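# Fold and geometry: a report
Listed below, chain by chain, are the residues.
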Amino acid sequence: VQLQASGGGLVQAGGALRLSCAASVRTFSAYTMGWFRQAQGKEREFVATIRRYGGSTDYSDSVKGRFTISRDNAKNTAYLQMNSLKPEDTAVYYCAASKSVIYSQSTYQRAYDYWGQGTLVTVSS
């Protein structure tokens, strides 16, 4: 399984970006997808998840109401729409995938088997 994250860049506070995560898998719908981020000098943290099959979602409190995770199973791609960006959203964003993670564990990094290379998002004030 290979994951390719893209869409990062430099944006002003209040702006928007959409990240994409393309997966090289046979049955994309069978994978729970997650987005995590790591700011400089900080630990990587959970951002959002969209679960397999049913597509239920969860968000960290810091992005709830501003970010939206979605997926297009026909394109083997997950997305993270980020609106109302803040300087504190600056980080490297990683997508992750798992075919076996259970519902309650999908916000935990250790539950994911596959990781993309990361894409840098920089929000200027």
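The coordinates are above.
About the cut-offs
- Residues numbered from 1 in each chain as written.
- Predicted model: local features only at pLDDT ≥ 70, side-chain atom pairs only at ≥ 80, totals over all residues.
- Heavy atoms only, no water.
- Phe/Tyr/Trp six-rings, centres within 6.5 Å; stacked < 30°, edge-to-face > 60°.
- Helix = DSSP H or I, 4+ residues; strand = E, 2+ residues; numbered from the N terminus.
- Buried < 20%, exposed > 50% of the residue type's maximum accessible area, 1.4 Å probe, protein only.
- Lys NZ or Arg CZ within 6 Å of the ring centre and 35° of its normal.
- Pairing = 2+ DSSP bridges.
- Axes fitted to C-alpha atoms, helices over the stretch in contact; angles between N-to-C directions.

Under the counting rule described, the total for this entry stands at four aromatic pairs. Ring plane angle 75° and centroid distance 5.4 Å describe the contact between Phe36 and Tyr112, whose orientation is recorded as edge-to-face. Of the two residues, Phe36 sits in strand E4 (residues 32–38) while Tyr112 sits in the loop between strand E9 (91–98) and strand E10 (114–115), which places them 76 residues apart along the sequence. Both rings, one in Tyr112 and one in Trp115, keep their centres 6.3 Å apart while their planes meet at 65°; by these two values the pair is edge-to-face. Take Tyr112: its relative accessible area is 5%, and that puts it in the buried class. An aromatic cluster is present here, built from Phe36, Phe46, Tyr112 and Trp115 joined pairwise through their rings. Geometry around Tyr94 places Arg44 over its ring, the cationic atom sitting 5.0 Å from the centre.

Within the secondary structure, Trp35 is located in strand E4. Separated by 44 residues in the primary sequence, Trp35 and Tyr79 have C-alpha atoms spaced 9.0 Å apart.

Moving on, we come to the sheet that holds strand E1 (residues 3–6). Two strands in a sheet stick together by hydrogen bonds in their backbones, pointing the same way (parallel) or opposite ways (antiparallel). As summarised here, the arrangement of the four strands in space is E1-E3-E8-E7, forming an open sheet in which the pairing is antiparallel. In this open sheet, the two strands that pair with only one neighbour each are E1 and strand E7 (67–72). On average, adjacent strands in this sheet sit at an angle of 15° to one another, irrespective of strand direction.

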